[in-house]
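Spelled out, the chains give:
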Amino acid sequence: MTQVRVTVDGVEYADEVEPRTLLVYYLRERLGKTGTVVGCDTSNCGACTVHLNGQSVKSCSVLAVQADGAEITTIEGIARDGKLHPVQQAFHDNHALQCGYCTPGMIMQAIDLLGDNPDPDEQEVREGMEGNLCRCTGYQNIVRAVQDAAQKMKPGASTDTRADAPAPAAVAGGGQ
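Residues numbered from 1 in each chain as written. Predicted model: local features only at pLDDT ≥ 70, side-chain atom pairs only at ≥ 80, totals over all residues. Heavy atoms only, no water.

Draft legend 1. Geometry of the side chain of Gln109. Here Gln109 lies in helix α3 (residues 103–116). The class of Gln109 is buried, set by a relative accessible area of 15%. Setting aside anything within four residues of it in sequence, one finds Gln109 in contact with Thr49, Ser56, Gly128, Met129 and Asn132. (Helix = DSSP H or I, 4+ residues; strand = E, 2+ residues; numbered from the N terminus. Buried < 20%, exposed > 50% of the residue type's maximum accessible area, 1.4 Å probe, protein only. Contact = heavy atoms within 4.5 Å.)

Draft legend 2. Structural detail: the sheet that holds strand β2 (residues 11–17). Spatial strand order, β2-β1-β5-β3-β4: 5 strands in an open sheet with mixed pairing. The sheet terminates laterally at β2 and β4 (55–58), the two strands that pair on one side only. Adjacent strand axes in the sheet meet at a mean angle of 40° when their direction is disregarded. With 2 bridges joining them, strand β3 (residues 49–52) and strand β5 (residues 71–73) adopt antiparallel strand pairing. What sits directly across from His51, in β5, is Thr73. Each of β1 (2–8), β2, β3 and β5 touches helix α1 (residues 23–30); the most contacted strand, β2, lies at about 110° to it. (Pairing = 2+ DSSP bridges. Axes fitted to C-alpha atoms, helices over the stretch in contact; angles between N-to-C directions.)

Draft legend 3. Main features of unusual backbone geometry. Residues other than glycine seldom take positive phi values, yet Asp9 does so here, at roughly 50°. Structurally, Asp9 is set in the loop between β1 and β2. Positive phi values are uncommon outside glycine, yet Ser43 reaches one of about 65°. One can find Ser43 in the loop between α1 and β3.

Draft legend 4. Quick look at the nonpolar core. If you look at the biggest cluster of nonpolar residues, it comprises 23 residues, and the most contacted ones within it are Val87, Phe91, Met106, Ile107, Met129, Ile142 and Val146. Elements represented by at least two residues in this core include exactly α2 (86–93), α3 and α5 (140–152). A total of 7 residues in this core trace back to one element, the largest contributor, which is α3. Beyond its immediate sequence surroundings of up to four residues, Ile142 is in contact with Phe91, Ala96, Met106, Met129, Cys134 and Thr137. Among the nonpolar cores identified, the runner-up in size contains 15 residues, and Leu27, Leu52, Val62 and Ala67 belong to it. (Core = buried A, V, L, I, M, F, W, Y, C linked by side-chain atoms within 4.5 Å.)

Draft legend 5. Highlighting the packing of α2 against α5. In the contact formed by α2 and α5, the axes pass within 8 Å of each other and the chain directions differ by 135°. Judged on the interaxial angle alone, α5 and α2 are oblique. Relative to α5, α2 is oriented so that their crossing is right-handed. Seen from α2, the contacting residues are Pro86, Val87, Gln89, Ala90, Phe91 and Asp93; seen from α5, they are Ile142, Ala145, Val146, Asp148, Ala149 and Lys152. Per-class residue counts for the contact of α2 with α5 are 8 nonpolar, 1 polar and 3 charged. (Parallel < 35°, antiparallel > 145°, perpendicular 65-115°, else oblique. Left-handed = near helix turned anticlockwise from the far one by under 90°. Nonpolar A, V, L, I, M, F, W, Y, C, P; charged D, E, K, R; others polar.)

Here it is, written out as structure tokens:
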């Protein structure tokens, strides 16, 4: 067993873990962060995407011990005071999900993409999201949602479209 100290969604944790434990399983099984979805265990689908020290990573490709000392943000940690993050709101508004299984990873990747490129065109969104797979949609609504979120997150955007807008009850939960 190896000691791990991490901050997840603003809360500090210290745990003993098996050295071979994947971060996705530590988050889900030890910390109860079930919005971080296990999709493929091979880093192909992106359903398990989280932010590790501000960068999106597929948590099935990171060992929990590699995250020692890190700050991790999961889908459960992006809404504030019961209000959806602008990317969550845009996914809801643009019907950018069907079964919802890939949605947490898509949202986490989209947030990282918009941090690097706050005003992406359609091709840039498609390229920025290409490591996250959706088996239900044609991606068009996902692309629209990312571009909509980019507009909502611009400085001077109307406050009712930013993170302080009320969260619809159906999407506010976060976990799949």
